Amino acid sequence: MIVFDNVHVSFGSLDVLKGINLEIASGSKTVIIGPSGSGKSTLLRTINMFERPKRGDVFIDGVSISGMNKRVLCQARQDIGMVFQNFNLYPHKTVLENLTLAPSVLKHESKASVRERALANLREVNIADKADAYPSQLSGGQQQRVAIARALTMRPKIMLFDEPTSALDPEMIQEVLDIMERVAVETEITMLFVTHEMKFAEHIADRVLFLDGGIILEDGAPEQVFHHPRNERTTSFLGKILH
Amino acid sequence: MSGPFSLHNWQAWFSDWSYFAGGFLRTLYISLLGLVFTLVIGLVVGILLCGKNRGVLALCRGYMSFFQNTPLVIQVFIYYNVLPKLGIRLGVIAIGVLGLALYTGAYAADIVHSAIKAVPTGQLEAAHSQGFSYLQSMIHIILPQAIKIGLPPMTNQAVNLIKNSSVLAVIAGGELMYCADSWSGDNLIYGPTFVMTGVLYLCICLPISLFARRMEKRSVRNV
Ligand SMILES: Nc1ncnc2c1ncn2[C@@H]1O[C@H](COP(=O)(O)OP(=O)(O)O)[C@@H](O)[C@H]1O
Ligand SMILES: [Mg+2]
């Protein structure tokens, strides 16, 4: 379980998260929506301590992550996968090496078992035939599927997706959404998605949060948030997204 | 034929070729050692420059400003004439290696620093998100990419270092330029001596330059 306890995050004088209180159940799939600049990325990045709360704290399975020293923090991050808007694959490594690097360096597992798991995950995201290719030889959609497989190969408890389809050409969005849906349905991993893909959200989310100005304005099942929003600003935001 | 390039002068030079071969080898040796220490200095200072500690940054910047903005020949003179007065006695080769490495290292640090900065920030984030520490991220993810970016300019610095090793002639370094100086002074034969000395430097530097140019072309193609 992830618990936000009155979390405030600021950049200089700019208050970005203004007192977030939130409980995310283990294994749940949460979609976060909201206008640009509302603090969605910051909320995700607080979970793996890319940003530090100025006030309040985040607890993962009861453990405060702001109290961690560097060593423990690195250890904790091994269990928190992140998928970025711009993929951020390692360009000097092959697809397979992108998956095996961190587990073999950080988890001291045998080469063979890491490799086997990596290949299975590449099959899971339908890209096993590119195992020996380099990221630059892949399309954006393929790169993002590799990035998902890379995160999975660490066997995370939590996965954070920050606008995973926003940098993709339109014709590649669906293949990535399909893969994310499959992974979301098939695994027990706690997942948080920042995305504007409403259909995807309706399919896979247990819960949708609407974030605006650093505050959670709406929190409910997708059906409720999308079709019966309580807040005026949610209605207006959804109106803009759905044209 | 008479004059500076007379047949007699050429014959005289070639009959003493082994003297120059010794200088040539010594230039190679000093340059190679100098290059190794240059890379070490460049790597350490370049990585420190990526940090945030103000004291460390000021120290690195100070080192680089001093060594980039004074002539190498003066630095070498100081090691040769001032260090012994402070009780530090170094051989000519050690002074040569130290002098070249400290001087070229100041430039190498800049190269390493900009090469690391040129690696997109998302790479460090991806590495951190997987649980790599800063040092592990550097070793496995950032530096391998930075090396590709920094190799062509670093190779140019290697060429500079080799050519700059000629300033050791002023402290009787025994390397190629010193051989040229002393042999031509003794025999009063300058033409062939300096032409051939130039050719010998060219023999070392040109292949390295060509290699650098090829690397540069390749990295442009890979963007
Ligand atoms: N590292 C940073 N330094 C300064 N300001 C930042 C930084 N990261 C984000 N911000 C600012 O914080 C606000 C929220 O950013 P972000 O969480 O990325 O929003 P979102 O993902 O919802 O678009 C924005 O105004 C953004 O400019
Ligand atoms: Mg964002």
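For the structure itself, look to the data block above.
Residues numbered from 1 in each chain as written. Chains lettered and ligands numbered in written order. Predicted model: local features only at pLDDT ≥ 70, side-chain atom pairs only at ≥ 80, totals over all residues. Heavy atoms only, no water.

(A) Seen up close, the overall build of chain B. Of regular secondary structure, chain B possesses nine helices and zero strands. Listed N to C, the secondary structure of chain B is α-α-α-α-α-α-α-α-α in terms of helices and strands. Counting only C-alpha atoms, chain B reaches 75 × 50 × 25 Å along its principal axes. Once local pairs closer than 6 in sequence are excluded, the contacts in chain B between residues at least 24 apart make up 74%. (Helix = DSSP H or I, 4+ residues; strand = E, 2+ residues; numbered from the N terminus. Contact = heavy atoms within 4.5 Å.)

(B) Highlighting the overall build of chain A. Along the backbone of chain A there are nine helices and ten strands. Since a compact globule built from 243 residues should have a radius of gyration of about 18 Å, the 18 Å found for chain A is in line with a globular shape. Taken along its principal axes, the extent of the C-alpha atoms in chain A is 50 × 45 × 30 Å. Buried positions account for 57% of the 243 residues belonging to chain A. Once local pairs closer than 6 in sequence are excluded, the contacts in chain A between residues at least 24 apart make up 66%. (Rg over C-alpha atoms; globule rule 2.2 N^0.38 Å. Buried < 20%, exposed > 50% of the residue type's maximum accessible area, 1.4 Å probe, protein only.)

(C) Region of interest: helix α1 (residues 7–15) of chain B. Residues and elements named next belong to chain B. Residues of α1 that are buried: Asn9, Ala12 and Trp13. For α1, the arc enclosing every buried residue in end-on projection is 100°, short of the 170-degree limit, so these residues lie on one face. Residues of α1 that are exposed and angled more than 90 degrees away from the buried face: Leu7, His8, Gln11 and Ser15. (Arc of directions from axis to C-beta.)

(D) Region of the structure containing the interface of chain B and chain A. Opposite the 16 residues of chain B that make contact, chain A presents 21 residues. Of the roughly 1,600 Å² buried between chain B and chain A on both sides combined, carbon and sulfur atoms contribute 57%. When residues of chain B are sorted by the area they lose upon contact with chain A, Glu125, Ser129 and Gln130 of chain B head the list and together hold 37% of the total. For the pair chain B and chain A, the number of links is one salt bridge. The closest approach of N and O atoms between arginine 45 of chain A and glutamate 125 of chain B, which form a salt bridge, is 2.8 Å. In this assembly, chain B and chain A are joined by six residue pairs in polar contact (both at pLDDT 80 or more). Of all the secondary-structure elements, those providing two or more residues to the side of chain B that touches chain A are α6 (121–130) and α7 (134–164) of chain B. When residues of the side of chain B that touches chain A are assigned to their parent elements, the largest contribution, eight residues, is made by α6 of chain B. (Buried area = accessible area lost by both parts, 1.4 Å probe. Salt bridge = Lys/Arg side-chain N within 4 Å of Asp/Glu carboxyl O. Polar contact = N/O pair within 3.5 Å; in protein donor to acceptor, adjacent residues only side chain to side chain.)

(E) Main features of the nonpolar core. Phe4 and Leu192 of chain A are the most contacted members of the largest nonpolar core, which has 50 residues in total. The greatest single-element share of this core, amounting to six residues, is contributed by α7 of chain B. Aside from chain neighbours lying at most four places away, what touches leucine 192 of chain A is Ile2, Ile24, Thr30, Ile32, Leu44, Ile47, Ile158, Met159, Leu160 and Phe161 of chain A. (Core = buried A, V, L, I, M, F, W, Y, C linked by side-chain atoms within 4.5 Å.)

(F) Seen up close, the side chain of glutamate 109 of chain A. As for its placement among the helices and strands, glutamate 109 of chain A is situated in the loop between α3 (95–106) and α4 (111–124). The residues touching glutamate 109 of chain A, leaving out its near neighbours within four places in the chain, are Pro103, Val114, Arg117 and Arg155 of chain A.

(G) Highlighting the site of ligand 1. Residues and elements named next belong to chain A. Close to ligand 1 lie Phe11, Leu14, Val16, Pro35, Ser36, Gly37, Ser38, Gly39, Lys40, Ser41 and Thr42, which account for all nearby residues. Serine 41 is positioned such that a nitrogen or oxygen atom in its side chain is 2.7 Å from an oxygen atom of ligand 1. A distance of 2.5 Å is found between an oxygen atom of ligand 1 and a side-chain nitrogen or oxygen belonging to threonine 42. Protein chains bury 58% of the 570 Å² of accessible surface belonging to ligand 1 in isolation. Looking at the shell around ligand 1, the elements with two or more residues in it are β2 (14–24) and α1 (40–47). At three residues, the largest contribution of residues to the shell around ligand 1 is made by α1. Residues belonging to the shell around ligand 1 are distributed by class as follows: four nonpolar, six polar and one charged. (Near = heavy atom within 4 Å. Areas by Shrake-Rupley, 256 points an atom, 1.4 Å probe, with all protein chains shown as cover. Nonpolar A, V, L, I, M, F, W, Y, C, P; charged D, E, K, R; others polar.)

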